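# Commentary on secondary and tertiary structure
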Amino acid sequence: MTRSSSQRGPFAASGEVVAYRGARPILVDVDAASLNATSEGILAAVTPRTRAVIAVHIAGRPVHIEQLVSMLEPHNIAVIEDSAHAFPSRVGGPDGRFAGTFGRAGAFSFYATKTMTTGEGGMLVTDDDAIAARARIMSLHGISRDAWNRYAANGSWYYEIEEAGYKYNMTDVAAALGLVQLERAEELLGARREIAAMYAARLADQPLSDLVELPADVSDGSHAWHLYIIRLALERLKADRGQVIEGLRASGSGRASTSSPCTCTHTIDVVGDTLEGISQSPRESTSVSCPFRSGLG
């Protein structure tokens, strides 16, 4: 399950990565229908101190990323795409470019619940050689590039730690799993589309149609359907959101766990410093998401 409202915040990771660099995350409200931030909302939050914008493709529905990049890049404001939900979303339809390939870098998640999975881990994509080189070094403890292949015949035994790095490399076993999953990506996406269509048909039946607001589909087929988020009409229900989730759990449905957007966590008060332009009542959110089959299926 995931909760949201017209002021939904992204998952905590989107804000945490900003805090890692000692910067301050500024959150903007999202469109109530798509749950994505709008270009207009993002531009309204930009100041002379803005260095980058993280565009989150919520639930697998792409942000208007082309417009956003064209507006921000001329001002030297980097656009990074949080594409954790968005593989294999294509902007502009089946023949369009993949979401995650428009900004200076795009980050994907291959966790077990995603359309394709490596069990854990993800992928960073970029066409900027400098970003790629730094990412390779920082992903393995900051070890100098000469030591990347130090176990190979032509590798160097000597290395330097160029900077305090991380341990973000994918294992060979996970990568092998991912290669097979990649070959099945369109098949797995097709299965999710079928499930989304089934949800739409069944939830549109009376009396349910008066109790839930369904996610807006994207007519060009670009939606990856990582999540199928419905908004509950609590004013017409005798149960609150938590009771609905527990009812689904008791019936054997909706057994995914709830995740709070980062506006609902204590940490945002520490790393964010301020929530400029953000509703201060995110805990009134009333949406839940229906589960899809694991990409391993």
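Further up the page is the structure itself.
Read on for a plain summary of the structure.

So, about the side chain of Ser222. Locating Ser222 in the fold gives a position in the loop between β7 (212-213) and β8 (228-232). Of the residues examined, Ser222 reaches a relative accessible area of 5% and is grouped as buried. Once residues lying within four places of it in the same chain are set aside, the contact partners of Ser222 are Gly60, Pro62, Ser89, Arg90 and Gly93.

Let us look at helix α7 (residues 241-250). Within α7, the full set of buried residues consists of Arg241, Val244 and Ile245. End-on view of α7: buried residues confined to an arc of 100 degrees, all on one side of the axis. Near the N-terminus of α7, the side chain that reaches the backbone nitrogen of Gly242, with its oxygen 3.2 Å away, is that of Asp240. One or two steps after α7, the chain reaches Gly252, where phi turns positive at roughly 90 degrees.

In a regular helix each residue adds 1.5 Å, so 19 residues correspond to 27 Å; helix α6 (residues 185-203) covers 27 Å between its end C-alpha atoms and thus fits that length. Every buried residue belonging to α6 is among Ala185, Leu188, Leu189, Ala191, Arg192, Ile195, Ala196, Tyr199 and Leu203, and all of these are buried. Angularly, the buried residues of α6 cover 155 degrees about the axis, an arc narrow enough to put them on a single face.

A separate point is the pairing of β8. In terms of burial, β8 is largely enclosed, as 5 of its 5 residues are buried. Here β8 shows two buried faces, one formed by Tyr228, Ile230 and Leu232 and the other by Ile229 and Arg231. Looking at chain direction, β7 and β8 are connected through 2 bridges and run antiparallel. Across the sheet, residue Glu213 finds its bridge partner in β8, namely Arg231.

Let us now look at the pattern of salt bridges. This model, assessed by the stated rule, comprises 6 salt bridges. Notably, a salt bridge pairs Glu163 with Arg134, separated by 2.9 Å at the nearest N-O pair. Residue Glu163 is located in the loop between α4 (129-138) and α5 (172-183), and its partner Arg134 is located in helix α4; the two are separated by 29 residues in the primary sequence. Given the relative accessible area of 39%, Arg134 is considered partly exposed. The salt bridge partner of Glu213 is Arg231, with a shortest N-O separation of 3.3 Å. Taken together, the positions of Glu213 in strand β7 and Arg231 in strand β8 put the pair 18 residues apart, joining distant regions of the chain. For Arg231, a relative accessible area of 18% gives the class buried.

Among the nonpolar cores identified, the biggest contains 15 residues, and Ile42, Val53, Ile65, Leu68, Leu72 and Val79 are the most heavily contacted of them. Those elements that place two or more of their residues in this core are β1 (52-56) and α3 (65-72). Per-element tally for this core: the top contributor is α3, with 4 residues. Discounting chain neighbours no more than four positions away, the residues touching Ile65 are Ala55, His57, Val79, Glu81, Val91 and Phe102. Core analysis: the next-biggest nonpolar cluster, separate from the first, contains 11 residues, Ala196, Leu203, Leu211 and Tyr228 among them.

Another point: unusual backbone geometry. Between Phe87 and Pro88 the backbone carries a cis peptide bond, its omega angle lying at 5 degrees. Checked against the element boundaries, Pro88 lands in the loop between β2 (78-82) and β3 (90-91). Notably, Trp225 is not glycine yet its phi reads approximately 55 degrees, a positive angle. For Trp225, the location among the structural elements is in the loop between β7 and β8. Taking the relative accessible area as the measure of exposure, Trp225 reaches 6% and is therefore buried.

Within the open sheet, the 4 strands sit side by side as β1-β2-β5-β6. Their pairing is mixed. Two strands in the sheet have a free side with no partner beyond their single neighbour: β1 and β6 (122-125). Each adjacent strand pair in this sheet contributes to an overall mean axis angle of 15 degrees, direction not counted. By the bridge criterion, 3 bridges tie β2 to strand β5 (residues 105-109) in an arrangement that is parallel. Looking across to β5, one finds that Glu81 is bridged to Gly106.

Rules used in this analysis
- Residues numbered from 1 in each chain as written.
- Predicted model: local features only at pLDDT ≥ 70, side-chain atom pairs only at ≥ 80, totals over all residues.
- Heavy atoms only, no water.
- Helix = DSSP H or I, 4+ residues; strand = E, 2+ residues; numbered from the N terminus.
- Buried < 20%, exposed > 50% of the residue type's maximum accessible area, 1.4 Å probe, protein only.
- Contact = heavy atoms within 4.5 Å.
- Arc of directions from axis to C-beta.
- Polar contact = N/O pair within 3.5 Å; in protein donor to acceptor, adjacent residues only side chain to side chain.
- Expected span 1.5 Å × (residues − 1).
- Pairing = 2+ DSSP bridges.
- Salt bridge = Lys/Arg side-chain N within 4 Å of Asp/Glu carboxyl O.
- Core = buried A, V, L, I, M, F, W, Y, C linked by side-chain atoms within 4.5 Å.
- Axes fitted to C-alpha atoms, helices over the stretch in contact; angles between N-to-C directions.

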